[in-house]
Amino acid sequence: MPHLTTMKSPMNLRTLFAPVAAATLTLNPTSGVPGITVNAHGAGYPTNQPISVKWDGAPVATGNSGSERRGFDIPFVVPAGAVPGSHTVTMCVTTSGAT
């Protein structure tokens, strides 16, 4: 699963998993603190589908996969209560229930 490893300050973010075959999820920036905006870039997902971005299983943003298979961006804010340590970020197509 996409994985955000946090340290006291700054947080280290790294992607480890994409939920759909041939799909990718990239997080940018790769370090920061709670409250920072992170861009979740998805590619290879089904087109024109609602997408949910989750932080440790809790929804933090929604968007749409768009009409191009080359990719789309959904920004989200790292929750203010995020503590140092490992965190998981997932990007899910919400219509099919796939995660």
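**Observations concerning the confidence of the model for the protein**
Overall, the predicted model of the protein reaches an average pLDDT of 78, with 73% of residues at or above 70. The secondary-structure element of the protein with the lowest mean pLDDT is strand 1 (residues 3-6), recorded at 41, while strand 8 (residues 72-77) shows the highest, at 96. Confidence drops under a pLDDT of 50 for residues 1-10, and excluding neighbours within four residues, the segment shows 55 contacts in the predicted structure. Note that pLDDT drops below 50 for residues 15-20; the model gives that stretch 18 contacts with residues more than four away or on any other chain.

**Re the nonpolar core**
The biggest cluster of nonpolar side chains holds 18 residues, and the ones touching the most others in it are Y45, V53, F76 and M91. Of all the secondary structure elements, the ones that give two or more residues to this core are strand 3 (24-28), strand 5 (37-43), strand 6 (50-55), strand 8 and strand 9 (85-93).

**Notes on the sheet that holds strand 8**
As summarised here, the arrangement of the three strands in space is 3-5-8, forming an open sheet in which the pairing is antiparallel. The open sheet is flanked by strand 3 and strand 8, the only strands paired with a single partner. Put simply, the sheet's adjacent strands are angled 25° from each other on average, direction ignored. Of the pairings in the sheet, the one linking strand 5 to strand 8 comprises six bridges and is antiparallel in character. Residue G42 lies in a different strand from strand 8, and its bridge partner there is F72.

**Topic: the side chain of H87**
Inspection of the secondary structure assignment puts H87 in strand 9. Side chain to side chain, H87 and D56 meet in a polar contact 2.6 Å long. A polar contact is formed between the side chain of H87 and the backbone oxygen of V83, at a distance of 2.7 Å.

**Description of the packing of aromatic side chains**
Counted according to the given criterion, the structure contains one aromatic pair. On the numbers, 5.6 Å between centres and 75° between planes, the contact of Y45 with F72 is edge-to-face. One end of the pair, Y45, is in the loop between strand 5 and strand 6; the other, F72, is in strand 8, and 27 residues separate them in sequence.

**Focus on the environment of F72**
A relative accessible area of 8% means that F72 is categorised as buried. When the C-alpha positions of F72 and A40 are compared, they lie 8.4 Å apart, and in sequence the two are 32 residues distant. Look past the residues within four positions of F72 in its chain and what remains in contact with it is A40, H41, G42, A43, Y45, I51, N64, S65 and M91.

Reading guide: rules and limits
- Residues numbered from 1 in each chain as written.
- Predicted model: local features only at pLDDT ≥ 70, side-chain atom pairs only at ≥ 80, totals over all residues.
- Heavy atoms only, no water.
- pLDDT = per-residue confidence, 0-100.
- Helix = DSSP H or I, 4+ residues; strand = E, 2+ residues; numbered from the N terminus.
- Contact = heavy atoms within 4.5 Å.
- Core = buried A, V, L, I, M, F, W, Y, C linked by side-chain atoms within 4.5 Å.
- Buried < 20%, exposed > 50% of the residue type's maximum accessible area, 1.4 Å probe, protein only.
- Pairing = 2+ DSSP bridges.
- Axes fitted to C-alpha atoms, helices over the stretch in contact; angles between N-to-C directions.
- Polar contact = N/O pair within 3.5 Å; in protein donor to acceptor, adjacent residues only side chain to side chain.
- Phe/Tyr/Trp six-rings, centres within 6.5 Å; stacked < 30°, edge-to-face > 60°.

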